[in-house]
Amino acid sequence: MSTRGSWFMRDRPVVIWLFAAFVVSLVHPFFASSRWLMVHLVVLGALTHAAMVWSVHFTDALLKTRAGFEERRLQSMRLGVFQLGAIAVFVGVPATIWPLTVAGATLISTAVIWHAVMLVRRLRAALPGRFRITVRYYIVAALLLPVGATFGVLLARGLGDPWHGRLLVAHTMTNLLGWIGLTVLGTLVTLWPTMLRTRMAPNAESASQRALPILAAGLLLVVLGPIVDHALLGTVGIVVYLIGTLWVYRPILTAARQRPPMAFPTMSAGAGLVWLPAGLVLMAWSLVARGSWAALADHYGLLTAIFVVGFALQVLLGALSYLLPVVIGGGPSVLRAGMTELERWSTLRVVVANLGLALCLLPVPSLVRVVLSVLTLAALAVSIPLMLRGIYASIKAKRALEGQPATAGVRHVETAPRTWSRPQLIAGVAVIAVGATLGVGLDPAAAGLTSAAGQGATSSVTPTGHTTTVNVTAKDMRFQPSEVSVPVGDKLVINLVNTDAKDVHDLVLANGVTSGRLSPGQKGTVDVGVVGSSIDGWCSVVGHRQMGMVFKVKAVGASATESASGANGSEMPGMAHSGASGPSPAIDFMKQWPAGFTAYDPVLPPLTSEKVHKLTLTVEDVKTEVAPGVTQTRWTYNGSSVGPVLHGRVGDTFEVTLVNKGAMGHSIDFHASDLAPDGPMRTIQPGQSLVYRFTAQRSGVWMYHCSTMPMSTHIAAGMAGAVVIEPPGLPQVGRSYVITQSELYLGAQGDPVNATKVAADQPDAIMFNGFVNQYVDRPLTAKVGERVRIWVLDVGPSRPLSFHVVGAQFDTVYKEGTYLLKDGRGPLDPPGSHTGGSQSLDLLPAQGGFVELTFPEAGHYSLVNHIMTYAERGARGIFAVTP
């Protein structure tokens, strides 16, 4: 059967899946499981479909399979079964519909096993010939995909650690190194020299034959390592697989030396081949350094980017850019028409994609990473419309030739242009440089560019000509040493190293000189200038100074007047620290919220039937109006002044992906979890993410919060929320609300939390659900006689709560996992007694519970913290009760 011409099931699905992945990448901050979906749209959707299509194409070409061996109709049916399975998985996993996920994985496995059977039949029917080994690569790869799919189904079930991390590694390595990796390596031995239009290396076939058992053995060890929880075994497997990969690369490199890659297909595929061994080396190092599969899985984002984007996606784009015009057929002029579209901006695209990806993997400031990732995505995504244009151009040119004399279609014998472009290379580097500069400009402090070297020089002091150099480390909220002595007149240079394992630090001196923000392991140099008097210093990361992270330059030989006045020791105008760069705005507690204000929704999210709750919490710094006319830059989970409410039952599993898009390190601690805090509660830096999995074992309303030090400051800045785990048998009520209490510590208008006030426990206001008095102007609603349940949590960080509804009484009170009163009956009351009541639920920070009540008549009932000074400073609201 001829494969020439256009064929929808061959040519279009890959482009469709890639376009879907691009769309998801644009909206990924707005829904959970988006990262999983992006990766699987590329790997399971586009790459798997391409592997099934083109492995058959190359098998037929290499084995000279007779025409009609398998009807195109049957191939389309097989691909259709796969597409249905992929769609089921893409819906089932994010929606946590496990039966749908199982059905999808079964359809995918069925299609791929069917695919493997047909490859075996072709191999058996073929006459002896060269490169039968390539077909064996395809068969081994196809048999591995159902194994990887099984691991994926188990992952979708929502297993906790350590099995989640171990199965994640086994799943990804089986599919990426097995199914995709073996297919790519088996194909490129023959396809690569064809794409380069050069001779195949004499040892190409023998290299493939010798490499396959090495690759298979390495893959077996890589997958077996996490299953049996043996890190060394997995590391050895990675090294063995790397050796097999390099063995296959020998003839590939030989062909590249004969004719270097000059067109987009070979440049893109060649770049992808570089990323594969780089990813293997990094994975082996990461496994040795981190020592556990769970820790490795939590840092999988970087490895995923290398294997999926750097290796697999670029090889796919390169191969398709060559193959699609070729298989459409029609002669050189038709080929050229398609390739002209596919080759547009080829060098620029490859340079931007690879240089941008490489820089994104380095510890660059978060805004630099955001800009570079957008450029990388754009460089890769432009291939999608170019592929469609190329297919269209080839079909159009082919149709134009139909009906012409045979010679008319072969007059133009030129082939696709050699498109390597030095100007595009320079332009690509320039684009990345401009992008990086833009990112630095948006956040110069993170790049260490706010330093004012030499500002410490004092004209009244005679320089000695001597330089004092000191080494200082930043760790555990301390500088070591915390004080250095320097002779007056000496120039001082401080070599600062952040040896902390998790926190970002800097050193700011009172004369305005700064090291810039240093991530863990980074170094910086502070050129203080000539020292004329003693100088104070501190870490300017919010809250760190209050935790004791201060520094002192003691000027030896300075006069008492100089030392007291601090000739170069006073703070520079505008130098903000601790979030207090100016006077705090005054709050008018009687001022109404404007008409356009939308209150935080206090309604408890409905309880669904799902047993595994997957969500993404994105850390963002958001300037928020926290009281009428008063703004503060809040550190948020998902952009709101208080974190979103999670709702589940005892026994439910929560899989929370924490993504840090803030300006400093953050973390998360779920009180509803019962596990060691070392891994999931660790601080992650801007641009990083982690997955926190736990199963709710006990009922209650539980606090979650950022646990990065100083914890009080991070909680006060808005990084806290509630997890409601219903007690078994909890009856339905007419309405359920959630109220959290927190404190507000203001700096200047629009500034972040004032850490000095937090440390001194001097709040400016007390808030319900993150805003001052919001429910006074946007009341909660209820009806007369309707049963209302109010879940209450004090997130603090410091002040208590006495929750009271004016004019109403509670007949049910639940506090910290037990009923104090239930339907008017206390735990010690005799049976039949239902006359008890409660007026207040008392909670300390991090305590929670719920109350139930019915309103006797229509009216307006205030809900307050009955520590009345707190109610008068913002902790109040209204129930508007109607008949």
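Anything mentioned here points back to the structure above.
Each chain carries its own residue numbering, running from 1 in the direction its sequence is written. Thresholds applied to this predicted model are a pLDDT of at least 70 for local features of residues and 80 or more for the giving and counting of side-chain atom pairs; totals over whole chains, interfaces and linings are not thresholded and use all residues. Water and hydrogen atoms were dropped before computing side-chain values, which therefore reflect all heavy atoms in the structure.

**Q** Tell me about the overall build of the protein chain, and please be specific about residues and values.
**A** Broken down by element type, the protein chain carries 21 helices and 27 strands. By sequence separation, contacts in the protein chain at least 24 residues apart represent 77% of the contacts at least 6 residues apart. In this description, accessible areas are obtained by the Shrake-Rupley approach with a 1.4 Å probe, and a residue is regarded as covered only by the protein chains that are shown. For the protein chain, the accessible area works out to roughly 34800 Å², and carbon and sulfur atoms hold 62% of it. Numbering goes from the N terminus for both helices and strands, where a helix is a DSSP run of H or I of at least four residues and a strand is a run of E of at least two. The criterion used for residue contact is that any of the two residues' heavy atoms lie within 4.5 Å.

**Q** Outline the nonpolar core, listing residues and values.
**A** Judged by nonpolar contacts, the single largest core of 125 residues is most densely connected at Leu18, Trp54, Tyr137, Trp179, Phe307 and Leu316. Among the elements that line this core, the one with the most residues is helix H11 (residues 300–328), at 19 residues. Apart from residues lying up to four places away in sequence, tyrosine 137 is in contact with Leu182, Leu185, Gly186, Ser208, Ala211, Leu212, Leu215 and Val248. We define a nonpolar core as any set of buried Ala, Val, Leu, Ile, Met, Phe, Trp, Tyr and Cys residues linked to one another through side-chain atoms lying within 4.5 Å. Buried means the residue's accessible area, taken with a 1.4 Å probe over protein chains only, is under 20% of the maximum for its type, while exposed means over 50%, and partly exposed covers the values in between.

**Q** Please provide a residue-by-residue account of the sheet that holds strand S22 (residues 812–815), values included.
**A** DSSP bridges decide pairing: two strands pair if at least two such bridges lie between them. In spatial order, the strands read S18-S17-S20-S25-S22-S23; together these 6 strands make up an open sheet with mixed pairing. Both edges of this open sheet fall to strand S18 (765–768) and strand S23 (818–821), since each of them pairs with a single strand only. Taking each pair of neighbouring strands and ignoring which way they run, the sheet shows an average axis angle of 20 degrees. The pairing of S22 with S23 spans 3 bridges and is classified as antiparallel. Bridge pairing in S23 places tyrosine 814 opposite tyrosine 819. Orientation is described by axes fitted as lines to C-alpha atoms, over the contacting stretch for helices, and by angles from 0 to 180 degrees between their N-to-C directions.

**Q** Tell me about the packing of helix H5 (residues 132–156) against helix H7 (residues 204–227), and please be specific about residues and values.
**A** The description of two helices packed together rests on the angle between their axes and the distance between the axes. At a minimum axis separation of 10 Å, H5 and H7 run at an interaxial angle of 10 degrees. Put simply, H5 runs roughly parallel to H7. Residues Arg132, Ile133, Arg136, Tyr137, Leu144 and Phe151 of H5 pack against Glu205, Ser208, Gln209, Ala211, Leu212, Leu215, Leu219, Val223 and Ile227 of H7. Of the residues belonging to the contact of H5 with H7, the class tally is 10 nonpolar, 2 polar and 3 charged. When an angle is under 35 degrees it counts as roughly parallel; over 145 it counts as roughly antiparallel; between 65 and 115 it counts as roughly perpendicular; any other value is oblique. Any residue outside Ala, Val, Leu, Ile, Met, Phe, Trp, Tyr, Cys, Pro, Asp, Glu, Lys and Arg is labelled polar, Gly included; the first ten of those are nonpolar and the last four are charged.

**Q** For the pairing of strand S9 (residues 612–627), give the residues involved together with the corresponding values.
**A** Looking along a regular strand, one sees the side chains alternate between the two faces of the sheet. Inspection of the sheet shows S9 paired to strand S12 (residues 653–660) by 8 bridges, in the parallel sense. Looking across to S12, one finds that threonine 616 is bridged to threonine 657. Where S9 lies against strand S10 (residues 630–637), 8 bridges are found, and the strand directions are antiparallel. When the bridges of S10 are listed, valine 622 appears paired with arginine 634. Hairpin remark: S9 followed by S10, antiparallel, with 2 residues in the connecting loop; positive phi at glycine 629, about 80 degrees.

**Q** Would you mind going over unusual backbone geometry in detail, with residue names and values included?
**A** Following glutamine 480, the chain continues into proline 481 via a peptide bond in cis, with omega recorded as -5 degrees. Among the structural elements, proline 481 can be located in the loop between strand S2 (478–480) and strand S3 (483–487). Each neighbour pair has its own omega, and for glycine 796 with proline 797 the value is 20 degrees, a cis peptide bond. Position of proline 797 among the secondary structure elements: in the loop between strand S20 (787–796) and strand S21 (801–805). The backbone of asparagine 769 sits at a positive phi, close to 55 degrees, despite the residue not being glycine.

**Q** Account for the pattern of salt bridges, naming residues and giving values.
**A** Any carboxyl oxygen of Asp or Glu within 4 Å of a side-chain nitrogen of Lys or Arg constitutes a salt bridge here. This structure, assessed with the given rule, holds 16 salt bridges. In this structure, the salt-bridge partner of aspartate 527 is lysine 491, at a minimum N-O distance of 3.7 Å. Highlighted residues: aspartate 527 in strand S6 (residues 523–530) and lysine 491 in strand S4 (residues 491–498), separated in sequence by 36 residues. The salt bridge partner of arginine 787 is glutamate 852, with a shortest N-O separation of 2.9 Å. Here the residue arginine 787 occupies a position in strand S20, and glutamate 852 occupies one in strand S25 (residues 848–854), the gap between them amounting to 65 residues. The class for arginine 787 is partly exposed, based on a relative accessible area of 21%. Given a relative accessible area of 4%, glutamate 852 falls into the buried group.

**Q** Before we move on, can you summarise the packing of helix H3 (residues 72–92) against helix H4 (residues 98–125) with the specific residues and values?
**A** Where H3 contacts H4, the two axes come as close as 7 Å, and the packing angle between them is 155 degrees. Classed by the angle they form, the pair H3 and H4 counts as roughly antiparallel. Here the hand of the crossing between H3 and H4 comes out left-handed. Split into classes, the residues belonging to the contact of H3 with H4 amount to 16 nonpolar, 6 polar and 2 charged. Left-handed describes a crossing whose near helix is turned anticlockwise from the far helix by less than a right angle; the clockwise case is right-handed.

**Q** Lay out a nonpolar patch on the surface in plain terms, naming residues and giving numbers.
**A** On the surface, Leu367, Val370 and Val374 cluster together into a nonpolar patch covering about 230 Å² of accessible area. If you trace the backbone, valine 374 turns up in helix H14 (residues 366–381). Patch membership needs two things, relative accessible area over 30% and no salt bridge, and members are linked within 9 Å if like-charged or within 5 Å if nonpolar (Val, Leu, Ile, Met, Phe, Trp, Tyr).

**Q** For H5, give the residues involved together with the corresponding values.
**A** Here the expected length of a helix is defined as 1.5 Å per residue gap, with one fewer gap than residues. Here H5 spans 37 Å end to end across 25 residues, near enough to the 36 Å set by a 1.5 Å rise per residue. In terms of burial, H5 is a largely internal element, 18 of the 25 residues being buried.

**Q** Before we move on, could you go through the packing of aromatic side chains and cite the residues and values that matter?
**A** We describe a pair of aromatic rings using the distance from one ring centre to the other and the angle between the two ring planes. In summary, the pairing rule links any two rings of Phe, Tyr or Trp, Trp by its six-membered ring, whose centres are within 6.5 Å, and it sorts them by plane angle into stacked for under 30 degrees, edge-to-face for over 60 and tilted for everything else. Counted by the stated rule, this structure contains 20 aromatic pairs. Here tyrosine 637 and tyrosine 704 contribute two aromatic rings whose centre-to-centre distance is 5.7 Å and whose plane-to-plane angle is 50 degrees, an arrangement assigned as tilted. On the criterion of sequence distance, the pair formed by tyrosine 637 in strand S10 and tyrosine 704 in strand S15 (residues 700–705) is long-range, its members being 67 residues apart. Taken together, a centroid distance of 6.4 Å and an interplanar angle of 55 degrees make the contact between phenylalanine 768 and phenylalanine 803 tilted. With phenylalanine 768 in strand S18 and phenylalanine 803 in strand S21, this pair connects stretches of sequence that are 35 residues apart. There is no split in this pair, since phenylalanine 768 and phenylalanine 803 are both buried. Ring-pair connections join several aromatic residues into one group, and the members of that group are Tyr637, Phe654, Phe670, Tyr692, Phe694 and Tyr704. Each ring is checked for a lysine NZ or an arginine CZ that lies within 6 Å of its centre and within 35 degrees of its normal; such an atom marks a charge sitting over the ring. Directly above the ring of tryptophan 247 sits arginine 250, whose terminal nitrogen or CZ lies 5.0 Å from the centroid. Positioned over the ring face of phenylalanine 850 is arginine 789, at 5.4 Å from the centre of the ring.

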